[in-house]
Protein chains: 2
Amino acid sequence: MSHHYLPSWNLTKNTQAILDFVKSATTPGEDYIDPAERIAVFDNDGTMWCEQPMPTQFVFLLQTWLQEVHDHPELKDKQPYKAVLQKDEKYFTQILKQTPKDVMQLEQALTVWAGSTPQEFAAQVQKFFTTTKHPKYNMHYTDLVYQPMLELFDLLKAHNFRVFVCSAGGRDFMRVVAEDMWGIHQENVIGTAAEYEYVNGQIVRTDHLLGGFALGAGKTTHIFAATGRLPLLACGNGDPDIEMLQSARFGMLIHHDDEVREYAYDTGAEQVHSLAQKNNYIVVSMKHDWVKIFKNTA
Amino acid sequence: MSHHYLPSWNLTKNTQAILDFVKSATTPGEDYIDPAERIAVFDNDGTMWCEQPMPTQFVFLLQTWLQEVHDHPELKDKQPYKAVLQKDEKYFTQILKQTPKDVMQLEQALTVWAGSTPQEFAAQVQKFFTTTKHPKYNMHYTDLVYQPMLELFDLLKAHNFRVFVCSAGGRDFMRVVAEDMWGIHQENVIGTAAEYEYVNGQIVRTDHLLGGFALGAGKTTHIFAATGRLPLLACGNGDPDIEMLQSARFGMLIHHDDEVREYAYDTGAEQVHSLAQKNNYIVVSMKHDWVKIFKNTA
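Criteria and cut-off values
Residues numbered from 1 in each chain as written. Chains lettered and ligands numbered in written order. Predicted model: local features only at pLDDT ≥ 70, side-chain atom pairs only at ≥ 80, totals over all residues. Heavy atoms only, no water. Axes fitted to C-alpha atoms, helices over the stretch in contact; angles between N-to-C directions. Helix = DSSP H or I, 4+ residues; strand = E, 2+ residues; numbered from the N terminus. Parallel < 35°, antiparallel > 145°, perpendicular 65-115°, else oblique. Left-handed = near helix turned anticlockwise from the far one by under 90°. Contact = heavy atoms within 4.5 Å. Nonpolar A, V, L, I, M, F, W, Y, C, P; charged D, E, K, R; others polar. Pairing = 2+ DSSP bridges. Expected span 1.5 Å × (residues − 1). Buried < 20%, exposed > 50% of the residue type's maximum accessible area, 1.4 Å probe, protein only. Right-handed = clockwise from strand over helix to strand, strands pointing away. Buried area = accessible area lost by both parts, 1.4 Å probe. Salt bridge = Lys/Arg side-chain N within 4 Å of Asp/Glu carboxyl O. Least-squares fit on C-alpha atoms with pLDDT ≥ 70 in both.

**Student:** Explain the packing of helix H1 (residues 13–26) of chain B against helix H7 (residues 147–158) of chain B residue by residue, including any values.
**Tutor:** Helices that pack against each other are described as a pair by the angle of their axes relative to one another and the distance between those axes. All names here are of chain B. Where H1 meets H7, the axes come as close as 10 Å, and the angle between the chain directions of the two elements is 20°. As judged from the angle between their axes, H1 and H7 are roughly parallel. For the pair H1 and H7, the sense of crossing is right-handed. For the pair H1 and H7, the contacting residues are Ile 18, Leu 19 and Val 22 in the first and Leu 152, Leu 155 and Leu 156 in the second. Along the lines of polarity and charge, the residues of the contact of H1 with H7 split into six nonpolar, no polar and no charged.

**Student:** Can you break down the sheet that holds strand E3 (residues 189–192) of chain B residue by residue, with the values?
**Tutor:** Residues and elements named next belong to chain B. What the six strands build is an open sheet, ordered E3-E2-E1-E6-E7-E8; its pairing is parallel. Every interior strand has two partners, whereas the edge strands, E3 and strand E8 (282–285), have only one. Shown here is a sheet whose adjacent strand axes are inclined to one another by a mean of 20°, direction ignored. Sheet topology places strand E2 (residues 162–170) next to E3; four bridges connect them, and they run parallel. Residue pairing in the sheet places Cys 166 in a bridge with Ile 190 of E3. Packing of helix H8 (residues 171–182) onto the sheet brings it into contact with E2 and E3, and relative to E3 it is tilted by some 155°.

**Student:** Give a detailed account of helix H2 (residues 56–71) of chain B, specifying residues and quantitative values.
**Tutor:** Helix length check: H2(B), at 16 residues, gives a terminal C-alpha distance of 23 Å against a target of 22 Å (1.5 Å per residue), a fit within 8%. Turning to H2(B), its buried residues number three or more, namely B:Thr56, B:Gln57, B:Phe58, B:Val59, B:Phe60, B:Leu61, B:Leu62, B:Thr64, B:Trp65, B:Glu68 and B:Val69.

**Student:** Which residues make up the pairing of strand E6 (residues 233–236) of chain A, and what values go with them?
**Tutor:** Residue and element names in this part refer to chain A. Side-chain alternation along E6 places Leu 233 and Cys 235 on one buried face and Ala 234 and Gly 236 on a second face that is also buried. Note: strand E1 (residues 39–42) against E6, three bridges, orientation parallel. When the sheet's bridge partners are listed, Val 41 is paired in E6 with Ala 234. With helix H10 (residues 242–247) bridging E6 and the parallel strand E7 (residues 250–255), this β-α-β connection has right-handed handedness.

**Student:** Give a description of H7(B) that names residues and reports values.
**Tutor:** Residues and elements named next belong to chain B. For H7, spanning twelve residues, the distance from its first C-alpha to its last is 17 Å, which sits close to the expected 16 Å at 1.5 Å a residue. With respect to burial, H7 is a largely interior element, nine of its twelve residues being buried. Looking at H7, one finds that the buried residues are Gln 147, Pro 148, Met 149, Leu 150, Glu 151, Leu 152, Phe 153, Leu 155 and Leu 156. Turning to H7, the residues buried within the fold contact H1, strand E1 (39–42), E2, H8, strand E6 (233–236) and strand E7 (250–255). Directly beyond the C-terminal end of H7, a positive phi value near 60° is found at Asn 160.

**Student:** Account for the interface of chain A and chain B, naming residues and giving values.
**Tutor:** The interface is formed by 32 residues belonging to chain A together with 32 residues belonging to chain B. Both faces combined, the contact of chain A with chain B buries some 2,500 Å², and carbon together with sulfur accounts for 60% of it. The three residues of chain A that bury the most area against chain B are A:Glu187, A:Tyr198 and A:Phe224, which together make up 26% of that side's buried surface. Our enumeration of links across chain A and chain B arrives at four salt bridges.

**Student:** Before we move on, could you go through the relation of the copies chain A and chain B and cite the residues and values that matter?
**Tutor:** Placing chain A over chain B gives an RMSD of 0.0 Å and needs a rotation angle of 180°, together with 0.0 Å of translation along the axis. Interpreted geometrically, this transformation is the action of a two-fold axis. When you check the interface residues of chain A against chain B, 100% turn up at the interface there too, and the contact is symmetric in its surfaces.

**Student:** Please set out unusual backbone geometry residue by residue, giving values where relevant.
**Tutor:** Trans is the common state for peptide bonds, and a negative phi is the common state for residues other than glycine. Omega for the peptide link from A:Gln79 to A:Pro80 comes to 5°, which places this bond in the cis form. Looking at the element boundaries, A:Pro80 is found in the loop between helix H2 (56–71) and helix H3 (81–85). Look at A:Asn160: it is not a glycine, yet its phi comes out positive at around 60°. For A:Asn160, the location among the structural elements is in the loop between helix H7 (147–158) and strand E2 (162–170). One non-glycine residue, B:Asn280, lies in positive phi territory at about 60°. Overall, B:Asn280 belongs to the exposed group, its relative accessible area being 64%.

What follows is the structure, encoded as structure tokens:
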């Protein structure tokens with residue numbers, strides 16, 4: 001397996017292990033994997049793009065809340081609107097310290113998008129991505145996708161893997177940008193999602209979830225529902241990826257250890273790192289294994 | 001668009017209309033469709049294979065009930081076991097006259113498969129398909145897939161369509177045979193399905209449905225959840241396909257009018273046929289448009 005597939009990866013032992021895995025899975029021999037079984041699943045936040053200082057979808061949520069309290073000033077003394085108006089970072093830091101499930105429930109509680117069509121939601125998401133920039137890099141969030149991961153997608157696709165993203169974040173939020181940003185179709189994006197109904201010839205969003213949160217064990221059930229299989233390869237970066245990684249035959253963990261080019265942190269990933277050695281996960285060092293971090297920057 | 005893609009289709013005006021549609025959707029011009037939007041969705045029973053004298057999955061269900069009452073003789077005076085034991089055709093004819101939803105609820109009520117793993121269910125389905133033959137043709141059910149539809153799949157795939165099956169029948173029942181029978185991956189099979197949970201490192205079936213029945217309007221919501229889109233092309237054969245056909249830009253209806261080679265009936269398709277002309281659906285005549293019906297017979 002040639003390293004030329006992964007130009008943004010240094011040829012370290014981790015990179016070599018990835019190349020070796022793809023080679024053995026696709027070369028006749030005892031480790032050969034039938035193409036039908038070649039499903040690779042990737043977490044999104046912190047695995048496919050930067051999740052600091054807060055996950056992108058949370059930035060979108062804050063904007064939505066701000067617009068909502070602008071349109072309905074009577075909400076101004078209620079949380080989370082009060083905190084949004086007062087730029088109360090402590091309030092949101094506290095929320096983000098909770099589990100992603102709590103954050104999502106907060107979002108869900110809003111029911112902001114219940115009754116809306118996918119076209120309306122997509123327009124709002126598109127606007128967010130074209131108008132909002134990351135505070136540290138001053139670039140659009142879609143430009144902060146990890147270039148090495150895009151190359152890994154290409155390597156896998158060239159070897160007849162089907163590549164999926166499975167995130168605790170919103171399936172429909174990601175699908176808006178999936179095709180341009182990741183080069184995978186919307187049907188390859190799995191995540192927490194509202195249930196929809198069909199009313200007067202239109203798909204319309206309800207205020208409740210379909211199949212629960214794609215988080216922890218929920219990632220495995222969402223992946224199975226979408227694909228009929230558990231993954232051959234899974235890649236994540238945090239504790240909510242533990243079950244997904246355990247359900248895969250080959251596990252990869254992205255380690256945020258580059259305080260100069262990105263961020264260095266282990267918060268929310270303590271347990272999965274403690275499992276990595278026991279389970280033979282490849283722990284990718286962003287600092288040492290990646291020549292460049294983002295698609296459109298150093 | 002050459003007719004050589006469809007050797008089991010006579011070159012009628014219907015066949016020509018299909019070829020024209022694929023050509024116009026994939027040739028630069030005003031009807032060109034971006035490849036990302038090229039989603040084609042097919043119903044299963046009566047669209048992809050023979051659904052007479054009863055849908056294949058119902059045959060499987062009868063076998064399961066028979067096994068269940070064999071293992072638990074105390075059930076013998078309860079329905080549906082009593083009818084199974086007495087070969088009470090009238091009882092089942094009555095059930096099949098009801099909506100597919102009633103049939104499925106009956107199946108669901110059994111909770112036969114709650115607590116089982118996908119591997120256990122797949123083994124049971126595989127056994128059914130290798131041991132059970134169709135009463136009229138004396139062939140395995142998987143050999144009774146419609147050859148012209150397989151060729152249509154190939155035509156569409158050759159033009160960068162992604163082909164899906166969406167059935168009111170069981171998603172996991174179809175997925176067992178989808179790859180060999182249809183040449184599409186399990187993730188391209190959409191249908192009514194149980195929710196699963198992840199217990200001790202295993203995917204395990206629960207006794208309740210995920211996202212309701214893939215029937216009528218439920219087909220559109222299942223398709224949207226799976227793909228993020230509504231179909232460009234939809235093809236069905238009965239009234240439960242009405243909403244799916246209405247949600248597509250190009251509609252096809254399979255008409256069972258061949259009493260010699262297959263069956264001739266309009267029961268359960270009265271409404272969709274009355275909409276066909278108004279909505280410009282192509283109504284495929286099995287008798288006149290198809291050179292051969294089944295993959296492995298005349």
